[in-house]
Amino acid sequence: MSDDLSLAALLGEAPKTPDPGFRFDVLARVSERAAKREAWTRGIMQVAAFTAVGLLAALVQFASVSAGAWMPVLSTAGALAVSAVFALVVIQGPKAALARARTVFAGA
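Model, not experiment: these values are computed from the prediction.

Scoring rules and cut-offs
- Along each chain, residues carry numbers from 1 onward, in the same order as the chain's sequence is written.
- This being a predicted model, a pLDDT of at least 70 is required before a residue's local features are given, and a value of 80 or more before pairs of side-chain atoms are given or counted; all residues contribute to the totals for chains, interfaces and linings.
- With hydrogens and water set aside, each side-chain value is computed from the structure's full complement of heavy atoms.
- Only runs of H or I of at least four residues qualify as helices and only runs of E of at least two qualify as strands under DSSP, and these elements are numbered from the N terminus.
- Here's how the labels work: a residue is buried when its accessible area is under 20% of the maximum for its type, exposed when over 50%, partly exposed in between, all with a 1.4 Å probe on protein chains only.
- A contact between two residues is defined here by any heavy atoms of the two lying within 4.5 Å.
- Areas reported as accessible are Shrake-Rupley estimates using a 1.4 Å probe. Residue values count occlusion only from the protein chains shown.
- By this rule the span expected of a helix is its residue count minus one, scaled by 1.5 Å.
- Confidence of the predictor at the level of single residues is given by pLDDT, which spans 0 to 100.

**Remarks on the overall build of the chain**
Thinking step 1. Helices and strands together make up the secondary structure of the chain, namely 4 helices and 0 strands.
Thinking step 2. In the chain, the order of α-helices and β-strands from amino to carboxyl end is α-α-α-α.
Thinking step 3. Out of the 108 residues in the chain, the part that is buried amounts to 6%.
Thinking step 4. Restricting the contact set of the chain to residue pairs at least 6 apart, pairs at least 24 apart contribute 3%.
Thinking step 5. As displayed, the chain offers around 8900 Å² of accessible surface, 72% of which is attributable to carbon and sulfur atoms.

Structure follows, in structure tokens:
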């Protein structure tokens, strides 16, 4: 992917002479597409997760089971969720968590 003709297949018409600006535009568009694809994947996963939670709540109500009977299951699920968040922070390292927190607080 180093010549302008292969880059032109991604963007459009190739320039007549080698052009660094053209290469930058191609890389910017390709990275934008990758970011959009990643955002769609995250969105679909969030929708699936929230749909599953809503479906579980509806099934519990349909089964007319008392809330007290589900407390052990819900507390276990909560503990697993907290453990998963802790594991992700440990795996990614403290710098990733601090950078993410900095961007959240900078936007506020």
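**A few points about helix α2 (residues 20-62)**
Thinking step 1. Helix length check: α2, at 43 residues, gives a terminal C-alpha distance of 62 Å against a target of 63 Å (1.5 Å per residue), a fit within 8%.
Thinking step 2. Listed in full, the buried residues belonging to α2 are Phe22, Val26 and Val60.
Thinking step 3. Looking one or two residues beyond α2, the residue adopting positive phi is serine 64, at roughly 50 degrees.

**Considerations on the confidence of the model for the chain**
Thinking step 1. Summing up the model confidence of the chain, the mean pLDDT is 75 and the portion of residues at 70 or higher is 73%.
Thinking step 2. The least confident element of the chain, judged by mean pLDDT, is helix α1 (residues 4-11) at 63; the most confident is α2 at 81.

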